[in-house]
Amino acid sequence: MDRAALEATAHALAAPGKGILAADESNPTMGKRLSQIGMPNEERLRREFRETLFTTSEMENYISGVILFDETLRQSASNNRSMVEILQSKGVIPGIKVDGGAHSMDSAPDEKLTTGLDGLAERCTEYYTLGARFDKWRAVITISDNLPSAACVQANADALADYARISQGAGLVPIIEPEVLMDGTHSIARCYEVSEWTLNTVYAALADRGVHLPGTLLKPSMVNSASDADNRADVEKVASETLRCLKATAPAEVPGIMFLSGGQSETEATAHLSAMNAMGGGPWELSFSYGRALQQSALYAWGGDSANCTTAQAAFLHRAQLNGAARYGSYTAAMEAEA
Ligand code: 13P
(Lines give C-alpha, C1' and ligand atoms only; values in the text may rest on other atoms or scores of the structure.)
Protein backbone atom coordinates (compact mmCIF):
# COMPACT_ATOMS: atom_id res chain seq x y z
CA MET A 1 0.00 0.00 0.00
CA ASP A 2 1.41 3.40 -1.01
CA ARG A 3 0.29 5.33 2.05
CA ALA A 4 1.80 8.65 0.96
CA ALA A 5 -0.03 8.57 -2.39
CA LEU A 6 -3.34 7.71 -0.73
CA GLU A 7 -2.93 10.52 1.79
CA ALA A 8 -2.05 13.02 -0.95
CA THR A 9 -5.18 12.09 -2.91
CA ALA A 10 -7.40 12.28 0.17
CA HIS A 11 -6.01 15.72 1.05
CA ALA A 12 -6.47 16.99 -2.50
CA LEU A 13 -10.11 15.84 -2.50
CA ALA A 14 -10.75 17.60 0.82
CA ALA A 15 -8.85 20.78 -0.15
CA PRO A 16 -10.16 24.02 1.41
CA GLY A 17 -12.97 25.63 -0.58
CA LYS A 18 -13.62 22.49 -2.62
CA GLY A 19 -15.68 19.31 -2.54
CA ILE A 20 -16.77 16.38 -4.69
CA LEU A 21 -19.47 16.13 -7.36
CA ALA A 22 -21.22 12.74 -7.11
CA ALA A 23 -22.22 12.09 -10.73
CA ASP A 24 -22.15 8.33 -10.32
CA GLU A 25 -25.85 7.54 -10.64
CA SER A 26 -26.26 4.01 -11.98
CA ASN A 27 -28.06 3.80 -15.32
CA PRO A 28 -31.42 2.98 -13.64
CA THR A 29 -31.02 5.90 -11.20
CA MET A 30 -30.02 8.26 -14.01
CA GLY A 31 -33.16 7.07 -15.78
CA LYS A 32 -35.22 8.35 -12.85
CA ARG A 33 -33.48 11.74 -13.03
CA LEU A 34 -34.09 11.95 -16.80
CA SER A 35 -37.73 10.98 -16.40
CA GLN A 36 -38.16 13.98 -14.04
CA ILE A 37 -37.49 16.19 -17.06
CA GLY A 38 -39.55 14.02 -19.39
CA MET A 39 -36.58 12.48 -21.21
CA PRO A 40 -35.83 8.84 -22.06
CA ASN A 41 -32.94 6.97 -20.43
CA GLU A 42 -30.54 6.98 -23.40
CA GLU A 43 -26.76 6.86 -23.36
CA ARG A 44 -26.47 9.99 -25.49
CA LEU A 45 -28.49 11.99 -22.93
CA ARG A 46 -26.60 10.60 -19.94
CA ARG A 47 -23.39 11.57 -21.72
CA GLU A 48 -24.55 15.02 -22.76
CA PHE A 49 -25.66 15.99 -19.26
CA ARG A 50 -22.45 14.80 -17.66
CA GLU A 51 -20.27 16.34 -20.36
CA THR A 52 -22.11 19.61 -19.79
CA LEU A 53 -21.26 19.53 -16.08
CA PHE A 54 -17.64 18.46 -16.52
CA THR A 55 -16.84 21.08 -19.16
CA THR A 56 -18.22 23.93 -17.06
CA SER A 57 -15.60 26.65 -17.01
CA GLU A 58 -14.15 27.33 -13.52
CA MET A 59 -15.97 24.44 -11.85
CA GLU A 60 -12.48 23.19 -10.91
CA ASN A 61 -12.20 26.12 -8.47
CA TYR A 62 -14.84 24.42 -6.29
CA ILE A 63 -14.84 20.77 -7.38
CA SER A 64 -11.83 18.64 -6.42
CA GLY A 65 -13.09 15.30 -7.72
CA VAL A 66 -16.01 13.70 -9.54
CA ILE A 67 -17.41 10.24 -8.81
CA LEU A 68 -18.31 8.46 -12.03
CA PHE A 69 -20.37 5.41 -12.91
CA ASP A 70 -18.63 2.66 -14.90
CA GLU A 71 -20.25 3.79 -18.17
CA THR A 72 -18.93 7.36 -17.81
CA LEU A 73 -15.41 6.30 -16.79
CA ARG A 74 -15.12 4.45 -20.12
CA GLN A 75 -17.04 7.02 -22.20
CA SER A 76 -15.87 9.54 -24.77
CA ALA A 77 -17.37 13.01 -24.90
CA SER A 78 -18.60 14.63 -28.11
CA ASN A 79 -15.12 15.85 -29.10
CA ASN A 80 -13.71 12.32 -28.74
CA ARG A 81 -11.78 13.18 -25.60
CA SER A 82 -12.58 10.79 -22.80
CA MET A 83 -14.57 12.06 -19.84
CA VAL A 84 -11.55 11.14 -17.69
CA GLU A 85 -9.26 13.33 -19.81
CA ILE A 86 -11.67 16.25 -19.55
CA LEU A 87 -11.55 16.06 -15.76
CA GLN A 88 -7.80 15.45 -15.57
CA SER A 89 -7.08 18.42 -17.85
CA LYS A 90 -8.75 20.65 -15.24
CA GLY A 91 -6.92 19.05 -12.32
CA VAL A 92 -10.15 17.37 -11.17
CA ILE A 93 -9.62 13.85 -9.82
CA PRO A 94 -11.77 11.07 -11.34
CA GLY A 95 -13.39 8.59 -8.96
CA ILE A 96 -15.57 5.54 -9.44
CA LYS A 97 -18.58 3.97 -7.75
CA VAL A 98 -17.64 0.34 -7.15
CA ASP A 99 -20.48 -1.05 -5.06
CA GLY A 100 -23.08 -3.27 -6.67
CA GLY A 101 -26.04 -1.58 -5.04
CA ALA A 102 -28.05 -2.24 -1.88
CA HIS A 103 -30.16 -5.40 -1.93
CA SER A 104 -32.75 -6.80 0.48
CA MET A 105 -31.15 -8.90 3.19
CA ASP A 106 -32.06 -12.61 3.31
CA SER A 107 -32.47 -12.42 7.08
CA ALA A 108 -34.31 -9.07 7.11
CA PRO A 109 -36.31 -8.23 3.96
CA ASP A 110 -37.00 -4.66 5.12
CA GLU A 111 -33.30 -3.91 5.32
CA LYS A 112 -30.52 -3.72 2.76
CA LEU A 113 -26.98 -4.96 2.44
CA THR A 114 -24.66 -3.52 -0.18
CA THR A 115 -22.98 -6.15 -2.31
CA GLY A 116 -20.09 -6.09 -4.76
CA LEU A 117 -17.03 -7.58 -3.03
CA ASP A 118 -16.70 -10.43 -5.57
CA GLY A 119 -13.96 -9.54 -8.04
CA LEU A 120 -13.56 -6.09 -6.44
CA ALA A 121 -9.74 -6.22 -6.29
CA GLU A 122 -9.52 -6.86 -10.04
CA ARG A 123 -12.05 -4.11 -10.82
CA CYS A 124 -10.18 -1.62 -8.63
CA THR A 125 -6.93 -2.42 -10.40
CA GLU A 126 -8.57 -1.84 -13.77
CA TYR A 127 -10.19 1.41 -12.60
CA TYR A 128 -6.80 2.68 -11.42
CA THR A 129 -5.39 1.94 -14.90
CA LEU A 130 -8.31 3.87 -16.43
CA GLY A 131 -7.44 6.93 -14.31
CA ALA A 132 -9.53 6.64 -11.15
CA ARG A 133 -7.76 7.59 -7.92
CA PHE A 134 -10.63 7.16 -5.46
CA ASP A 135 -13.78 5.10 -5.17
CA LYS A 136 -17.10 4.97 -3.36
CA TRP A 137 -19.23 2.33 -1.63
CA ARG A 138 -22.65 3.30 -0.29
CA ALA A 139 -24.36 1.37 2.50
CA VAL A 140 -27.92 2.26 3.50
CA ILE A 141 -29.38 2.04 6.97
CA THR A 142 -33.16 2.34 7.38
CA ILE A 143 -34.74 3.78 10.52
CA SER A 144 -38.13 2.66 11.83
CA ASP A 145 -39.50 1.89 15.29
CA ASN A 146 -37.62 -1.43 15.35
CA LEU A 147 -34.94 -0.86 12.71
CA PRO A 148 -32.06 -0.97 12.04
CA SER A 149 -31.22 -4.44 13.26
CA ALA A 150 -27.78 -5.13 14.70
CA ALA A 151 -27.26 -7.64 11.90
CA CYS A 152 -27.81 -4.99 9.23
CA VAL A 153 -25.51 -2.43 10.86
CA GLN A 154 -22.75 -5.00 11.39
CA ALA A 155 -22.96 -6.61 7.94
CA ASN A 156 -22.84 -3.23 6.18
CA ALA A 157 -19.92 -2.09 8.36
CA ASP A 158 -18.02 -5.29 7.57
CA ALA A 159 -18.60 -4.87 3.84
CA LEU A 160 -17.50 -1.20 3.97
CA ALA A 161 -14.31 -2.22 5.78
CA ASP A 162 -13.52 -5.03 3.31
CA TYR A 163 -14.13 -2.62 0.42
CA ALA A 164 -11.87 0.02 2.01
CA ARG A 165 -9.01 -2.43 2.52
CA ILE A 166 -9.26 -3.76 -1.04
CA SER A 167 -9.44 -0.24 -2.51
CA GLN A 168 -6.35 0.95 -0.69
CA GLY A 169 -4.49 -2.15 -1.89
CA ALA A 170 -5.24 -1.03 -5.47
CA GLY A 171 -4.19 2.59 -4.86
CA LEU A 172 -7.70 4.03 -4.59
CA VAL A 173 -8.80 6.27 -1.69
CA PRO A 174 -12.03 4.71 -0.39
CA ILE A 175 -14.97 6.99 0.29
CA ILE A 176 -16.81 5.23 3.07
CA GLU A 177 -20.51 6.04 2.77
CA PRO A 178 -22.84 4.74 5.47
CA GLU A 179 -26.07 6.58 4.67
CA VAL A 180 -28.71 6.68 7.39
CA LEU A 181 -31.84 7.32 5.34
CA MET A 182 -34.02 10.36 6.01
CA ASP A 183 -37.21 8.47 5.01
CA GLY A 184 -39.88 8.20 7.69
CA THR A 185 -41.16 10.26 10.60
CA HIS A 186 -38.40 9.77 13.20
CA SER A 187 -36.97 12.58 15.32
CA ILE A 188 -33.48 14.05 15.08
CA ALA A 189 -32.68 12.37 18.42
CA ARG A 190 -33.43 8.96 16.91
CA CYS A 191 -31.29 9.81 13.88
CA TYR A 192 -28.45 10.79 16.22
CA GLU A 193 -28.67 7.46 18.05
CA VAL A 194 -28.63 5.38 14.85
CA SER A 195 -25.90 7.51 13.22
CA GLU A 196 -23.63 7.20 16.26
CA TRP A 197 -24.18 3.44 16.44
CA THR A 198 -23.53 3.02 12.71
CA LEU A 199 -20.38 5.14 12.66
CA ASN A 200 -18.93 3.44 15.74
CA THR A 201 -19.55 0.04 14.16
CA VAL A 202 -17.96 1.16 10.88
CA TYR A 203 -14.82 2.53 12.58
CA ALA A 204 -14.44 -0.64 14.67
CA ALA A 205 -14.61 -2.73 11.46
CA LEU A 206 -12.09 -0.45 9.71
CA ALA A 207 -9.67 -0.79 12.65
CA ASP A 208 -10.15 -4.55 12.60
CA ARG A 209 -9.13 -4.69 8.90
CA GLY A 210 -6.11 -2.40 9.37
CA VAL A 211 -7.48 0.28 7.02
CA HIS A 212 -5.16 3.32 6.87
CA LEU A 213 -7.52 6.09 7.99
CA PRO A 214 -5.44 9.07 6.70
CA GLY A 215 -5.97 7.57 3.24
CA THR A 216 -9.78 7.42 3.53
CA LEU A 217 -12.69 9.87 3.42
CA LEU A 218 -16.00 9.56 5.25
CA LYS A 219 -19.25 10.34 3.44
CA PRO A 220 -21.97 10.41 6.09
CA SER A 221 -25.53 11.63 6.11
CA MET A 222 -26.27 14.60 8.36
CA VAL A 223 -28.03 14.09 11.68
CA ASN A 224 -31.47 15.39 10.79
CA SER A 225 -35.18 14.92 11.40
CA ALA A 226 -36.86 12.46 9.04
CA SER A 227 -38.39 13.96 5.92
CA ASP A 228 -41.96 13.46 7.23
CA ALA A 229 -41.26 14.25 10.90
CA ASP A 230 -43.31 16.79 12.83
CA ASN A 231 -41.37 19.86 14.01
CA ARG A 232 -38.31 19.32 11.87
CA ALA A 233 -35.04 20.56 13.35
CA ASP A 234 -33.71 23.92 12.15
CA VAL A 235 -30.36 24.56 10.45
CA GLU A 236 -28.47 25.28 13.68
CA LYS A 237 -29.76 22.12 15.33
CA VAL A 238 -28.89 19.89 12.35
CA ALA A 239 -25.41 21.40 12.23
CA SER A 240 -24.72 21.12 15.97
CA GLU A 241 -26.09 17.57 16.29
CA THR A 242 -24.16 16.39 13.23
CA LEU A 243 -20.93 17.86 14.60
CA ARG A 244 -21.57 16.38 18.04
CA CYS A 245 -22.11 12.94 16.49
CA LEU A 246 -18.98 13.12 14.34
CA LYS A 247 -16.82 14.31 17.23
CA ALA A 248 -18.02 11.24 19.16
CA THR A 249 -17.25 8.79 16.34
CA ALA A 250 -14.98 9.92 13.48
CA PRO A 251 -11.27 9.59 14.32
CA ALA A 252 -9.04 12.66 13.93
CA GLU A 253 -6.82 10.84 11.38
CA VAL A 254 -9.67 10.98 8.83
CA PRO A 255 -8.76 13.99 6.65
CA GLY A 256 -12.22 14.86 5.36
CA ILE A 257 -15.90 14.42 6.06
CA MET A 258 -17.64 14.72 2.67
CA PHE A 259 -21.38 14.87 3.34
CA LEU A 260 -24.03 13.42 1.02
CA SER A 261 -27.17 15.46 0.45
CA GLY A 262 -29.56 12.50 0.73
CA GLY A 263 -32.76 14.15 -0.43
CA GLN A 264 -32.26 17.57 1.17
CA SER A 265 -33.00 20.48 -1.13
CA GLU A 266 -30.05 22.28 -2.70
CA THR A 267 -30.36 25.23 -0.35
CA GLU A 268 -30.77 23.09 2.79
CA ALA A 269 -27.67 21.05 1.98
CA THR A 270 -25.60 24.21 1.46
CA ALA A 271 -26.96 25.97 4.56
CA HIS A 272 -26.24 22.95 6.78
CA LEU A 273 -22.67 22.63 5.53
CA SER A 274 -22.03 26.33 5.99
CA ALA A 275 -23.42 26.29 9.55
CA MET A 276 -21.15 23.39 10.46
CA ASN A 277 -18.08 25.12 9.10
CA ALA A 278 -19.04 28.32 10.95
CA MET A 279 -19.27 26.31 14.20
CA GLY A 280 -16.08 24.35 13.43
CA GLY A 281 -14.06 22.74 16.19
CA GLY A 282 -13.46 19.34 14.56
CA PRO A 283 -10.08 18.00 13.42
CA TRP A 284 -11.22 17.18 9.85
CA GLU A 285 -12.23 19.20 6.81
CA LEU A 286 -16.03 19.46 6.54
CA SER A 287 -16.97 19.27 2.90
CA PHE A 288 -19.50 17.99 0.38
CA SER A 289 -19.89 15.08 -1.99
CA TYR A 290 -23.31 16.02 -3.27
CA GLY A 291 -25.26 14.41 -6.06
CA ARG A 292 -28.74 15.89 -6.24
CA ALA A 293 -27.82 19.05 -4.30
CA LEU A 294 -25.28 20.00 -7.00
CA GLN A 295 -27.20 18.83 -10.06
CA GLN A 296 -30.91 19.43 -9.60
CA SER A 297 -31.10 23.02 -10.89
CA ALA A 298 -28.69 22.21 -13.70
CA LEU A 299 -30.77 19.20 -14.74
CA TYR A 300 -33.94 21.28 -15.04
CA ALA A 301 -32.11 24.14 -16.77
CA TRP A 302 -30.77 21.68 -19.35
CA GLY A 303 -34.06 19.83 -19.82
CA GLY A 304 -32.52 17.38 -22.28
CA ASP A 305 -31.92 20.09 -24.90
CA SER A 306 -28.35 20.85 -25.99
CA ALA A 307 -29.39 24.44 -26.72
CA ASN A 308 -29.60 24.90 -22.93
CA CYS A 309 -26.12 23.65 -22.01
CA THR A 310 -24.79 27.12 -21.18
CA THR A 311 -27.71 27.84 -18.85
CA ALA A 312 -27.24 24.47 -17.20
CA GLN A 313 -23.54 25.17 -16.70
CA ALA A 314 -24.36 28.52 -15.07
CA ALA A 315 -26.76 26.76 -12.67
CA PHE A 316 -24.16 24.11 -11.81
CA LEU A 317 -21.37 26.66 -11.32
CA HIS A 318 -23.59 28.71 -9.05
CA ARG A 319 -24.30 25.71 -6.78
CA ALA A 320 -20.61 24.77 -6.78
CA GLN A 321 -19.68 28.35 -5.80
CA LEU A 322 -22.22 28.44 -2.99
CA ASN A 323 -21.00 25.13 -1.60
CA GLY A 324 -17.45 26.44 -1.95
CA ALA A 325 -18.50 29.37 0.25
CA ALA A 326 -20.14 26.91 2.68
CA ARG A 327 -16.72 25.28 3.08
CA TYR A 328 -15.66 28.50 4.83
CA GLY A 329 -18.95 29.00 6.68
CA SER A 330 -19.61 32.14 4.65
CA TYR A 331 -22.73 31.12 2.66
CA THR A 332 -25.78 33.35 3.11
CA ALA A 333 -29.29 32.93 1.71
CA ALA A 334 -28.86 36.27 -0.10
CA MET A 335 -26.19 34.62 -2.29
CA GLU A 336 -28.91 32.42 -3.85
CA ALA A 337 -30.13 35.38 -5.90
CA GLU A 338 -26.70 36.27 -7.30
CA ALA A 339 -26.83 33.86 -10.25
P1 13P B 1 -26.96 12.71 -2.92
O2 13P B 1 -26.13 13.90 -2.53
O3 13P B 1 -27.96 12.98 -3.98
O4 13P B 1 -27.48 11.98 -1.72
O5 13P B 1 -25.96 11.70 -3.64
C6 13P B 1 -24.74 11.46 -3.05
C7 13P B 1 -24.33 10.08 -3.34
O8 13P B 1 -23.27 9.85 -3.87
C9 13P B 1 -25.22 8.99 -2.93
O10 13P B 1 -24.53 7.78 -2.98
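Figured I'd write up the structure that's included with this text. Because the structure is predicted, anything quoted here is derived from the model rather than measured.

**Brief notes about the site of the ligand**
Every one of the 13 residues lining the ligand counts as a neighbour, but Lys136, Lys219, Ser261, Gly262 and Arg292 are closest to it. In the environment of the ligand, an oxygen atom lies 2.7 Å from a nitrogen or oxygen atom belonging to the backbone of glycine 262. Bound to the protein, the ligand loses 92% of the 300 Å² it would expose on its own. Looking at side-chain class alone, the shell around the ligand contains three nonpolar, four polar and six charged residues.

**Things to note about the pairing of strand E6 (residues 134-141)**
Within E6, seven of the eight residues are buried, leaving the element largely enclosed by the surrounding structure. In this sheet, E6 lies alongside strand E3 (residues 93-97) in parallel orientation, the contact comprising three bridges. Its bridge partner being in E6, lysine 97 is matched across the sheet by lysine 136. Pairing between E6 and strand E7 (residues 173-180): eight bridges, direction parallel. From the neighbouring strand, aspartate 135 faces E7, where its bridge partner is proline 174. In this fold, the crossover linking E6 to E7 by way of helix H7 (residues 150-169) has right-handed handedness.

**Overview of the pairing of strand E1 (residues 19-23)**
Regular strands show a simple pattern: their side chains alternate between the two faces of the sheet. Burial runs high along E1: five of the five residues are buried. Where E1 meets strand E2 (residues 63-68), five bridges bridge the pair, whose relative direction is parallel. Bridging from a neighbouring strand, alanine 22 pairs with isoleucine 67 of E2. Pairing of E1 with strand E10 (residues 285-290) involves two bridges; the strand directions are parallel. Looking at E10, one finds that leucine 21 is bridged to tyrosine 290.

**Concerning the environment of aspartate 110**
Topologically, aspartate 110 is positioned in the loop between strand E4 (102-104) and strand E5 (112-114). Spatially, the C-alpha atom of aspartate 110 lies 10.0 Å from that of serine 144, the residues being 34 residues apart in sequence.

**Considering the packing of aromatic side chains**
Enumeration according to the criterion identifies three aromatic pairs in this entry. The side chain of arginine 133 reaches across the aromatic face of tyrosine 128, ending 3.7 Å from its centre. Across from the ring centre of tyrosine 192, 4.1 Å away, lies the NZ or CZ of arginine 244, which sits over that ring.

**Brief notes about the packing of H7 against helix H8 (residues 188-208)**
Packing of H7 against H8 brings their axes to within 8 Å, and their N-to-C directions diverge by 40°. Considering the angle they form, H7 stands oblique to H8. The crossing of H7 and H8 is right-handed. Residues Ala150, Val153, Gln154, Ala157, Asp158, Leu160, Ala161 and Ala164 of H7 touch H8, and the partners they reach there are Trp197, Thr198, Thr201, Val202, Ala205 and Leu206.

**Digging into the nonpolar core**
Formed by 107 residues in total, the largest nonpolar core has its most connected members in Phe54, Ile63 and Val66. Every residue in contact with isoleucine 63, bar those within four places of it in the chain, is listed here: Lys18, Gly19, Leu21, Val92, Phe288, Leu294, Phe316 and Ala320.

So, how was this worked out
- Residues numbered from 1 in each chain as written.
- Predicted model: local features only at pLDDT ≥ 70, side-chain atom pairs only at ≥ 80, totals over all residues.
- Heavy atoms only, no water.
- Near = heavy atom within 4 Å.
- Polar contact = N/O pair within 3.5 Å; in protein donor to acceptor, adjacent residues only side chain to side chain.
- Areas by Shrake-Rupley, 256 points an atom, 1.4 Å probe, with all protein chains shown as cover.
- Nonpolar A, V, L, I, M, F, W, Y, C, P; charged D, E, K, R; others polar.
- Buried < 20%, exposed > 50% of the residue type's maximum accessible area, 1.4 Å probe, protein only.
- Helix = DSSP H or I, 4+ residues; strand = E, 2+ residues; numbered from the N terminus.
- Pairing = 2+ DSSP bridges.
- Right-handed = clockwise from strand over helix to strand, strands pointing away.
- Phe/Tyr/Trp six-rings, centres within 6.5 Å; stacked < 30°, edge-to-face > 60°.
- Lys NZ or Arg CZ within 6 Å of the ring centre and 35° of its normal.
- Axes fitted to C-alpha atoms, helices over the stretch in contact; angles between N-to-C directions.
- Parallel < 35°, antiparallel > 145°, perpendicular 65-115°, else oblique.
- Left-handed = near helix turned anticlockwise from the far one by under 90°.
- Contact = heavy atoms within 4.5 Å.
- Core = buried A, V, L, I, M, F, W, Y, C linked by side-chain atoms within 4.5 Å.

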